[in-house]
Amino acid sequence: GQQLNQSPQSMFIQEGEDVSMNCTSSSIFNTWLWYKQDPGEGPVLLIALYKAGELTSNGRLTAQFGITRKDSFLNISASIPSDVGIYFCTPGTYKYIFGTGTRLKVLA
Amino acid sequence: DTAVSQTPKYLVTQMGNDKSIKCEQNLGHDTMYWYKQDSKKFLKIMFSYNNKELIINETVPNRFSPKSPDKAHLNLHINSLELGDSAVYFCASSQAALIAGRSYEQYFGPGTRLTVT
């Protein structure tokens, strides 16, 4: 079935470093949403993208809607310990699918 | 006030038992969902209800039966529990049903960790 692959699967970074992750699909989508799941909690929406090529920021987070509409990217600048968690992408449409997740662990 | 709440938070039970998980949302949303998150943290849709009507029913064993008594509640009943049912189950809601070309933010509950022994 349809799968959204996220890369990297997991990463350890030093506090203060910038982080980049991406989400790729074999299908074209009209929207991309990024969610974050804190340990022991449910996912929470971080950023939503609605247009190919769109670049959107939310504090230290910046997300981009790939021009091919088959991918999306999320960057976190100056990471802090509370950035720990799992980041999921989803087209947020009737496909109801979530990406495989990027597990972020920050070393203080 | 909690937007999407689930009970119980933890559920430990033996194989063969029947159990239920309850979910309530106070956001006034029309659509509710059940997701399963496995040990690898993959999130997979199980069911979706829109205005108390089942609209999504993924390939889930028929031992799982959702019930929506009203728009604000979506419960999940599981019969004859198996070891492979051990997972975290998330309830979620959105303003309306996700449709092609239109997305809505989903609000997730805190999850129910089910352990079958």
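As shown above, the structure is provided for reference.
Remember, predicted model here, so these are calculated numbers, not experimental data.

Draft legend 1. Representation of the nonpolar core. Of all hydrophobic cores here, the largest spans 22 residues; its most connected members are Trp32, Trp34, Leu74 and Leu104 of chain A. Counting only elements with at least two residues in this core, the list comes to strand E2 (10–14), strand E3 (19–24), strand E4 (32–37), strand E5 (43–49), strand E7 (61–65), strand E8 (71–76), strand E9 (85–90) and strand E10 (102–107) of chain A. Beyond its immediate stretch of four places on either side in the chain, leucine 74 of chain A contacts Val19, Ser20, Met21, Trp34, Leu46, Leu61, Thr62, Ala63 and Tyr87 of chain A. Within the second largest apolar cluster, 20 residues are counted, among which are Val4, Cys23, Leu81 and Val116 of chain B.

Draft legend 2. Structural detail: the interface of chain A and chain B. On the chain B side, the residues contacting the 21 residues of chain A number 25 residues. Buried area between chain A and chain B, both sides added, is near 1800 Å², and the carbon and sulfur share of it is 61%. Considering only the surface of chain A that becomes buried against chain B, Pro43, Tyr96 and Phe98 of chain A emerge as the three largest contributors, covering 34% of it. Summed over the shared surface of chain A and chain B, the number is zero salt bridges. At the junction of chain A with chain B, the criterion picks out four residue pairs in polar contact (both at pLDDT 80 or more). Those elements that provide at least two residues to the side of chain A that touches chain B are E4, E5 and E9 of chain A. In terms of residue count, the dominant contributor to the side of chain A that touches chain B is E4 of chain A (three residues). Its residues assigned to classes, the side of chain A that touches chain B shows eleven nonpolar, eight polar and two charged.

Draft legend 3. Molecular detail of the state of the cysteines. Within the structure shown, the criterion is met by two disulfides over all chains. Disulfide pairing is shown between cysteine 23 of chain A and cysteine 89 of chain A; the S-S distance is 2.0 Å. Torsion about the S-S bond of the cysteine 23 of chain A and cysteine 89 of chain A cystine: about 65 degrees, corresponding to right-handed handedness. In this pair, cysteine 23 of chain A is assigned in strand E3 and cysteine 89 of chain A in strand E9, connecting sequence segments 66 residues apart. Across the pair, exposure class does not vary: cysteine 23 of chain A and cysteine 89 of chain A are buried alike. Residue pairing for cysteine 23 of chain B: its cysteine sulfur links by disulfide to cysteine 91 of chain B, the two sulfurs lying 1.8 Å apart. Measuring handedness by torsion sign, the sulfur bridge of cysteine 23 of chain B and cysteine 91 of chain B sits at about -75 degrees and is left-handed. Residue cysteine 23 of chain B is located in strand E3 (residues 19–25), and its partner cysteine 91 of chain B is located in strand E9 (residues 87–94); the two are separated by 68 residues in the primary sequence. Judged by relative accessible area, which is 2%, cysteine 23 of chain B ranks as buried.

Draft legend 4. Representation of the environment of serine 65 of chain B within the structure. Residues and elements named next belong to chain B. Tracing the backbone through its elements, the reader meets serine 65 in strand E7 (residues 64–70). Note: C-alpha distance between serine 65 and isoleucine 78 (13 residues apart in sequence) is 6.4 Å. For serine 65, the contacting residues outside a window of four places in its chain are Asn75, Leu76 and His77.

Draft legend 5. The arrangement of the packing of aromatic side chains in detail. This structure, assessed with the given rule, holds eleven aromatic pairs over all chains. Here the aromatic rings of phenylalanine 29 of chain A and tryptophan 32 of chain A are separated by 5.5 Å at their centres, their planes lie at 80 degrees, and the arrangement is edge-to-face. Overall, phenylalanine 29 of chain A belongs to the buried group, its relative accessible area being 5%. Seen from their ring centres, tyrosine 96 of chain A and tyrosine 33 of chain B are 5.7 Å apart, and the 55 degrees between their planes marks the pair as tilted.

Conventions used here
Residues numbered from 1 in each chain as written. Chains lettered and ligands numbered in written order. Predicted model: local features only at pLDDT ≥ 70, side-chain atom pairs only at ≥ 80, totals over all residues. Heavy atoms only, no water. Core = buried A, V, L, I, M, F, W, Y, C linked by side-chain atoms within 4.5 Å. Buried < 20%, exposed > 50% of the residue type's maximum accessible area, 1.4 Å probe, protein only. Helix = DSSP H or I, 4+ residues; strand = E, 2+ residues; numbered from the N terminus. Contact = heavy atoms within 4.5 Å. Buried area = accessible area lost by both parts, 1.4 Å probe. Salt bridge = Lys/Arg side-chain N within 4 Å of Asp/Glu carboxyl O. Polar contact = N/O pair within 3.5 Å; in protein donor to acceptor, adjacent residues only side chain to side chain. Nonpolar A, V, L, I, M, F, W, Y, C, P; charged D, E, K, R; others polar. Disulfide = S-S within 2.5 Å. Phe/Tyr/Trp six-rings, centres within 6.5 Å; stacked < 30°, edge-to-face > 60°.

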